[in-house]
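# Close look at the chain arrangement
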Amino acid sequence: MALEITDATFEETVLKSDKPVMVDFWAAWCGPCRMVGPIIDDISKEYEGKAVVGKLDVDANQEFAAKYGVRNIPTVLIFQNGEVVGRQVGVAPKTTYAEALDQLL
């Protein structure tokens, strides 16, 4: 299961991580988000120990979604050393997300 990230835990979990971080910005009512969710969960298992993979519910946590200009969901951002180094908007195949992390490992 992907880690649940909130506005309260974002800085510690994402920005201060010494590993690459993938954050899925999603909402429960979003159909495409429900398609991406299982992919993100799979990636979180495959990259356990190598990368941090989490999900942020934009309805409950709007601060960082606004800060990073997330206007459409699902949006998956890739962070390294506290900086955004990748962005995928909309549904993509699992390989797209895996390759984004592989480039940083």
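These lines cover the structure that appears in this document, whether it is placed above or below. All values reported here derive from a predicted model rather than from experimental measurement.

Before going further, it helps to examine the overall build of the chain. Within the chain, the secondary structure is distributed over four helices and five strands. Starting at the N terminus, the α and β elements of the chain follow one another as β-α-β-α-β-α-β-β-α. Relative to the compact-globule value of 13 Å for 105 residues, the chain shows a C-alpha radius of gyration of 12 Å, a close match. Taken along the three principal axes of its C-alpha coordinates, the chain extends 30 × 25 × 20 Å. Across the chain, every contact between residues at least 6 apart in sequence was considered, and the portion connecting residues at least 24 apart equals 68%. Counting every atom, the chain has about 5,600 Å² of accessible surface; 50% of that belongs to carbon and sulfur.

Here we take up unusual backbone geometry. With an omega dihedral of 0 degrees, the bond running from Ile73 to Pro74 counts as a cis peptide bond. With respect to the secondary-structure elements, Pro74 resides in the loop between α3 (63-67) and β4 (75-80). For Asn81, which is not glycine, the phi dihedral falls at a positive 55 degrees. Examined against the element boundaries, Asn81 turns out to sit in the loop between β4 and β5 (83-89).

Criteria and cut-off values
- Per chain, residues are indexed from 1 in the order of the written sequence.
- Note on the predicted model: pLDDT of at least 70 is required for a residue's local features to be given, and 80 or more for side-chain atom pairs to be given and counted; whole-chain, interface and lining totals, by contrast, use all residues.
- Excluding hydrogens and water, the side-chain figures rest on all heavy atoms present in the structure.
- Starting at the N terminus, helices and strands are each numbered in turn, a helix being any DSSP run of H or I of at least four residues and a strand any DSSP run of E of at least two.
- What the globule rule says is 2.2 Å times the number of residues to the power 0.38, and the radius of gyration is computed from C-alpha atoms.
- Contacts between residues were defined by any pair of non-hydrogen atoms, one from each residue, lying within 4.5 Å.
- Values of accessible area rely on a 1.4 Å probe in the Shrake-Rupley scheme; residue burial ignores everything except the protein chains shown.

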